[in-house]
Amino acid sequence: MAVRTVLRMGDSRLLEKARTVDVFDTPELDRLVQDLKDTMYAENGAGLAAPQIGVGLRVVVFGFEENTRYPQAQAIPETILVNPVLEFASETRDDDWEGCLSVPGLRGIVPRYTRIHYSGFNQKGDKVEREAQGFHARVVQHECDHLDGILYPQRMTDMTTLGFTEALVSSGRLPGMPCDTARE
Ligand code: NI
């Protein structure tokens, strides 16, 4: 069990392009995946990417059954994705709220493709392949952006929606978020 420090926006490591993983099924990769999972669950994240704990490799984890940071969201199976590839099944994009453990206390509305196909490998090298839509598709796009040094504010088209979660909740702009979880 190793909960790692999550880097915060402003750290230059979050802006770098992560490297492809060449070798699977190693103790190092197993440890990285375990640290990502431990940290994600400890911080109640919907997902976490390796660059967020200072490791510049193309590895993300995501998934939850219930999530206090996104109480309205449907469950996503716990998934480890190494060297992910995304394809957009349609041009349609949806606007919805996002947060990020590297941008604590804030939320903003981000347009994302509604339906995607994603593939990659788990840490053992087994192929992972899925169709996703809605919040699941959103989380995968958000996490994979971290591998290219992109944080969600860089994807926003209306910066007037960027705000502190507490203020968004108390002014009624962020529906369905219990106030006690809004502090993050
Ligand atoms: Ni993030």
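Before any of the text, the structure's been laid out above.
Residues numbered from 1 in each chain as written. Predicted model: local features only at pLDDT ≥ 70, side-chain atom pairs only at ≥ 80, totals over all residues. Heavy atoms only, no water.

Colleague: Is there a simple way to explain a negative patch on the surface in this structure?
Modeller: A grouping of D94, D95, D96 and D158 is seen on the molecular surface, where their side chains present a negatively charged patch. By the element assignment, D96 lies in strand β4 (residues 93-98). For D96, a relative accessible area of 36% puts it in the partly exposed group. (Patch = residues over 30% accessible without salt bridge, like charges linked within 9 Å, V, L, I, M, F, W, Y side chains within 5 Å. Areas by Shrake-Rupley, 256 points an atom, 1.4 Å probe, with all protein chains shown as cover. Salt bridge = Lys/Arg side-chain N within 4 Å of Asp/Glu carboxyl O. Lys, Arg positive; Asp, Glu negative; His and termini not counted. Charge placed at Lys NZ, Arg CZ, Asp CG, Glu CD. Helix = DSSP H or I, 4+ residues; strand = E, 2+ residues; numbered from the N terminus. Buried < 20%, exposed > 50% of the residue type's maximum accessible area, 1.4 Å probe, protein only.)

Colleague: How do you make sense of the sheet that holds strand β7 (residues 127-133) when you look at a structure like this?
Modeller: Pairing between the strands of a sheet is mediated by backbone hydrogen bonds and can be parallel or antiparallel. Pairing in this open sheet of 5 strands is antiparallel, and the strands run β1-β2-β3-β6-β7 from one edge to the other. Of all the strands in the sheet, the pair left with one neighbour each is β1 (47-49) and β7. Looking at each pair of strands side by side, their axes are set apart by 35° on average, direction ignored. Both strand β2 (residues 59-64) and strand β3 (residues 76-88) contribute to a ladder of 5 bridges, which runs antiparallel. Bridge pairing in β3 links V61 to I80. Sheet strands touched by helix α1 (residues 27-42): β1, β2 and β3. Its angle to β2, the strand with the most contacts, is close to 40°. Taken strand by strand, helix α2 (residues 134-146) contacts β1, β2, β3, β6 (115-121) and β7, and its axis lies near 70° from that of β3. (Pairing = 2+ DSSP bridges. Axes fitted to C-alpha atoms, helices over the stretch in contact; angles between N-to-C directions. Contact = heavy atoms within 4.5 Å.)

Colleague: I keep staring at the nonpolar core and nothing clicks. Help me out?
Modeller: Counting residues in hydrophobic clusters, the biggest one holds 20 residues, and the most contacted among them are F62, Y118 and F135. Breaking this core down by element, the ones donating at least two residues are β2, β3, β6, β7 and α2. Looking at which element gives the most residues to this core, the answer is α2, with 5 residues. Ignoring anything within four residues of it in the chain, the contact list for Y118 reads F62, T79, L81, V85, L86, V128, E129, R130, A132, H136 and V140. (Core = buried A, V, L, I, M, F, W, Y, C linked by side-chain atoms within 4.5 Å.)

Colleague: What is the right way to read empty space enclosed by the protein from this model?
Modeller: Any empty space left between the atoms is revealed when a probe the size of a water molecule rolls over them. By the definition in use, this model includes 1 cavity of 30 Å³ or more. Taken as a whole, the largest cavity spans an internal volume of roughly 130 Å³. For the lining of the largest cavity, the element with the highest residue contribution is α2, accounting for 5 residues. Taken together, the residues of the lining of the largest cavity sort by class into 6 nonpolar, 5 polar and 4 charged. (1 Å grid on protein atoms, 1.4 Å probe; cavity = no way out; pocket = protein on both sides within 12 Å on 5 of 7 lines; lining within 4 Å. Points joined across faces, edges and corners; volume = space filled by probe spheres on them. Nonpolar A, V, L, I, M, F, W, Y, C, P; charged D, E, K, R; others polar.)

Colleague: Would you mind going over the pairing of β2 with me for this structure?
Modeller: Side-chain positions along a regular strand alternate between the two faces of the sheet. Counting buried positions along β2 gives 6 out of 6 residues, so the element sits mostly inside the fold. Two strands pair when backbone bridges link them, and β1 and β2 are joined in this way by 3 bridges, in the antiparallel orientation. Across the sheet, the residue bridging to A49 is V60, located in β2.

Colleague: Would you explain the pattern of salt bridges in this entry?
Modeller: Side-chain pairs of opposite charge can arise where the charged atoms are in close proximity. Counted under the stated rule, the structure contains 11 salt bridges. D148 is the salt-bridge partner of K17, the closest N and O atoms lying 3.0 Å from each other. Of this pair, K17 sits in the segment before α1 while D148 sits in the loop between α2 and β8 (163-164), placing them 131 residues apart in sequence. Overall, the relative accessible area of 63% leaves K17 in the exposed class. Notably, a salt bridge pairs D145 with R112, separated by 2.9 Å at the nearest N-O pair. One end of the pair, D145, is in helix α2; the other, R112, is in strand β5 (residues 106-113), and 33 residues separate them in sequence. Since its relative accessible area comes to 8%, D145 is described here as buried. Among the residues examined, R112 registers a relative accessible area of 4% and is labelled buried. Counted as one network, the salt bridges with shared partners bring together E98, R112, R138, D145 and R155.

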